[in-house]
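This is what each chain is made of:
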Amino acid sequence: MIFNRLKLAVDRVIAAFSVIVMIALVICVVWQVFSRYVLNQPSTLTDELARFLMIWVGLLGAAYTVGAQRHLSIDLLAMSLDKRKQALLSLLINVMIFGFAGSVIVTGGLKLIEKTLATAQVSAAMQIPMGYVYFILPLCGVVMMFYALCFIYQSLQQLKNGTQGVV
C-alpha cells in the first residue's frame, strides 16, 4: 500500500535527520566543554547552537514517536475493549492527534515564525533570524499530521475489513 511505503520513507528521513542533528549536538557540547575547561575561553556560538539543536532533536523525536505510535499512553481502557471498539478508539485518538498537530503545532508554529520574522528577532550569538529556528514546529506538525492520517486510514481499513489485525 502506498501509505506504508510513504510512511517508511518519512520514517527513514526523520530518523536520519534526527541522528544528524544529535551528532551535531554532541559535537557542539563536546567543543563547548573543551573550549571552556581546556582553552579557558568558552564558545558562545556552540552554546546557542546546542540549545537550538536540542529543540530540533526534541521535536523531531516527538514526530518520530507519533509515527512509531510510541507516544505516552495508558492502554488500560484500550485493552479492556473488543477489537472493533479498539479500532474506533484508535481512530478517535488519531483524529485528535491530527487536529492538535494542525491547529496548535502547525498553525501556532507558523504564527510564531511570522511574528519573529516580522519583528526581525535574531539570536544573540549567531545573529540568525529566530524564525529559522522555529521552522521545526510546523515541519514536525505536518509530519505528525501525516502519521495521524496513515493511522486513521489504517483504522478505517480495519473497521471495514472486520478489525482483523487490530493491536
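Throughout, residues of each chain are indexed from 1 in the direction in which the sequence is written. Selection of residues for local features in this predicted model requires a pLDDT of at least 70, selection of side-chain atom pairs for listing and counting requires 80 or more, and totals for whole chains, interfaces and linings are taken over all residues. Side-chain metrics rest on all non-hydrogen atoms present in the structure, leaving aside hydrogens and water.

Caption draft 1: A look at the overall build of the chain. Helical segments are the DSSP runs of H or I of at least four residues, strand segments are the runs of E of at least two, and each set is numbered from the N terminus. Looking only at helices and strands, the chain features six helices and zero strands. Put simply, the chain runs from its N terminus to its C terminus through helices and strands in the order α-α-α-α-α-α. Its C-alpha atoms give the chain a radius of gyration of 20 Å, clearly above 15 Å, the size a compact globule of 167 residues would have. Here the chain, with 167 residues, has 34% of them falling under the buried criterion. Computation of the radius of gyration draws on C-alpha atoms, with the globule rule given as 2.2 Å multiplied by the number of residues to the power 0.38. Only protein chains enter the calculation, and the probe is 1.4 Å; a residue is then buried if its accessible area is under 20% of its type maximum, exposed if over 50%, and partly exposed in between.

Caption draft 2: The arrangement of the UniProt feature "transmembrane region" (unreviewed entry) in the chain in detail. UniProt positions are given in the numbering used here, feature names are shortened, and annotations may be inferred rather than shown by experiment. Feature annotation in UniProt assigns "transmembrane region" (unreviewed entry) to the following positions: residues 12-34, 49-67, 88-112 and 132-153. End C-alpha atoms of residues 88-112 are separated by 34 Å, and the span's content is 100% helix alongside 0% strand.

Caption draft 3: Broad picture of the side chain of Ser155. The residue Ser155 is located in helix α6 (residues 136-160) in this model. Using a relative accessible area of 2% as the deciding quantity, one classes Ser155 as buried. Only 3.1 Å separates the side chain of Ser155 from the side chain of Ser90, close enough to count as a polar contact. Contacts between residues were defined by any pair of non-hydrogen atoms, one from each residue, lying within 4.5 Å. Ignoring any residue separated from it by four or fewer positions in sequence, one finds Ser155 in contact with Ala87, Ser90 and Leu91. In protein, a polar contact means a hydrogen-donor-capable atom and an acceptor-capable atom, both N or O and within 3.5 Å, with residues adjacent in sequence counting only if both atoms are side-chain atoms; elsewhere, any N or O pair within 3.5 Å suffices.

Caption draft 4: Layout of unusual backbone geometry. In the Ramachandran plot, Gln69 falls in the positive-phi region, its phi being about 50 degrees despite a non-glycine side chain. Mapped onto the elements, Gln69 comes out in the loop between α2 (44-68) and α3 (76-79). One non-glycine residue, Gln127, adopts positive backbone phi at about 60 degrees. Tracing the sequence through the fold places Gln127 in the loop between α4 (83-118) and α5 (130-133).

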